[in-house]
Amino acid sequence: MTLEELWQLFPITLVPHRPEWKEWARAEIISLARILDGFQPEINHIGSTAIPCIKAKPIIDILVEISPDADWTVAKRSMESAGYICMSESEGRMSFNKGYTPSGYAEKVFHVHFHVTGDNDEIRFRDRLISHPADAREYEALKLSLLPRYRHDRDAYTAAKTAFITRILSTSRDQFGMPQDLSTSNGIPDDV
């Protein structure tokens, strides 16, 4: 199935924050730690489901950071053996999904993003929105405004949020005196 076909079958929806997302993420992180035992991963709940009080896609995003020297092929096989579907991979990054069925979303849906250790702007973005509720509300309003136009185009939806995310990350860097080139990423969190 192509990405475009997936987007039609699984359109973007935004729902009110659900308290159970935190517990679902915690349970999945424990499971991932077992699956990836030996890789010494850093695992965090990221994305809008990690930000209380804003609407989000009902998909739990998790960031797994592992060493660039790790055997990424073995990590990929471990994830696939555990039932995850690899959706993309590039140097220093992989993305896995779980919870998509031929009849729609399962009750619990996960996107697991693998990055090299230190490539974690998603964590700073999450923490900034949690600690600055006005920024979180602004982000929610932006997402709601984009939804009618991009319901079936996740790439365009993500791209349309880039300017906001870049501004928040820049503000966060300035606030904490962080250098502009902090990580190996392009500075734009995936699926936030």
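A. Looking closely at the pattern of salt bridges. Evaluated as defined, the whole model comprises eight salt bridges. Its salt-bridge partner being Glu138, residue Arg167 comes within 2.6 Å of it at the nearest N-O pair. Of this pair, Arg167 sits in helix α7 (residues 162-176) while Glu138 is found in helix α5 (residues 133-150), placing the two residues 29 residues apart along the sequence. Glu138 gets classed as partly exposed once you look at its relative accessible area, which sits at 37%.

B. Local environment of the sheet that holds strand β4 (residues 93-101). Read across the sheet, five strands follow the order β1-β2-β5-β4-β3 without closing on themselves; strand pairing throughout is mixed. Lying at the two open borders of the sheet, with one neighbouring strand each, are β1 (42-46) and β3 (85-90). The sheet shows a mean angle of 20° between the axes of neighbouring strands, direction not considered. Note: β1 against strand β2 (residues 60-66), five bridges, orientation antiparallel. Its bridge partner lying in β2, Ile46 is registered against Asp61. Lying on the sheet, helix α2 (residues 20-35) is in contact with β1, β2, β4 and β5 (104-116); it crosses β1 at an angle near 160°. Packing of helix α3 (residues 72-81) onto the sheet brings it into contact with β2, β3, β4 and β5, and relative to β4 it is tilted by some 5°.

C. Inspection of α2 at higher detail. In a regular helix each residue adds 1.5 Å, so 16 residues correspond to 22 Å; α2 covers 23 Å between its end C-alpha atoms and thus fits that length. Every buried residue of α2 is accounted for by Trp21, Trp24, Ala25, Glu28, Ile29 and Leu32. Take α2 and look down its axis: the buried residues cluster within an arc of 140°, on one side only. Facing away from the buried side of α2, by more than 90 degrees, are the exposed residues Lys22 and Arg34. If you follow the buried residues of α2, they end up packed against β1, β2, α3, β4 and β5.

D. View of the nonpolar core. If you look at the biggest cluster of nonpolar residues, it comprises 26 residues, and the most contacted ones within it are Ile62, Val64, Val112 and Phe114. Elements that contribute at least two residues to this core include exactly α2, β2, α3, β4 and β5. Ranked by residue count, the leading element in this core is α2, at five residues. If we skip the residues at most four places from it in the chain, Val112 touches Leu32, Ile62, Val64, Met79, Tyr84, Met94, Ser95 and Phe96. Grouped together as the second largest cluster of nonpolar side chains are ten residues, Tyr139, Phe164, Ile165 and Leu169 included.

E. Molecular detail of the environment of Tyr84. Summarising the element assignment, Tyr84 is placed in the loop between α3 and β3. Residue classification places Tyr84 among the buried positions, given a relative accessible area of 3%. With 15 residues separating them along the chain, Tyr84 and Gly99 place their C-alpha atoms 8.6 Å apart. Apart from residues lying up to four places away in sequence, Tyr84 is in contact with Glu28, Leu32, Ile35, Met79, Phe96, Asn97, Lys98 and Val112.

Cut-offs used in this document
- Here, residues in each chain are numbered from 1, in the same order as that chain's written sequence.
- Thresholds applied to this predicted model are a pLDDT of at least 70 for local features of residues and 80 or more for the giving and counting of side-chain atom pairs; totals over whole chains, interfaces and linings are not thresholded and use all residues.
- Computation of side-chain values covers all heavy atoms of the structure but excludes hydrogens and water.
- Note on definitions: salt bridges are taken to be side-chain nitrogens of Lys or Arg within 4 Å of carboxyl oxygens of Asp or Glu.
- Only DSSP runs of H or I with at least four residues qualify as helices, and only runs of E with at least two residues qualify as strands; both kinds are numbered from the N terminus onward.
- For every residue, the accessible area obtained with a 1.4 Å probe (protein chains only) is divided by the maximum for its type, and the residue is called buried under 20%, exposed over 50%, and partly exposed between those limits.
- The pairing criterion for strands is at least two bridges between them, as found by DSSP.
- Axis lines are fitted through C-alpha atoms, for helices just across the contact stretch, and the angle between N-to-C directions can take any value from 0 to 180 degrees.
- Contacts are residue-level and defined by heavy atoms, with any inter-residue pair within 4.5 Å sufficient.
- Multiplying one less than the number of residues by 1.5 Å gives the expected span of a helix.
- In this description, the arc belongs to the directions extending from the helix axis to the C-beta atoms.
- The set of buried Ala, Val, Leu, Ile, Met, Phe, Trp, Tyr and Cys residues whose side-chain atoms join them within 4.5 Å is what this entry labels a nonpolar core.

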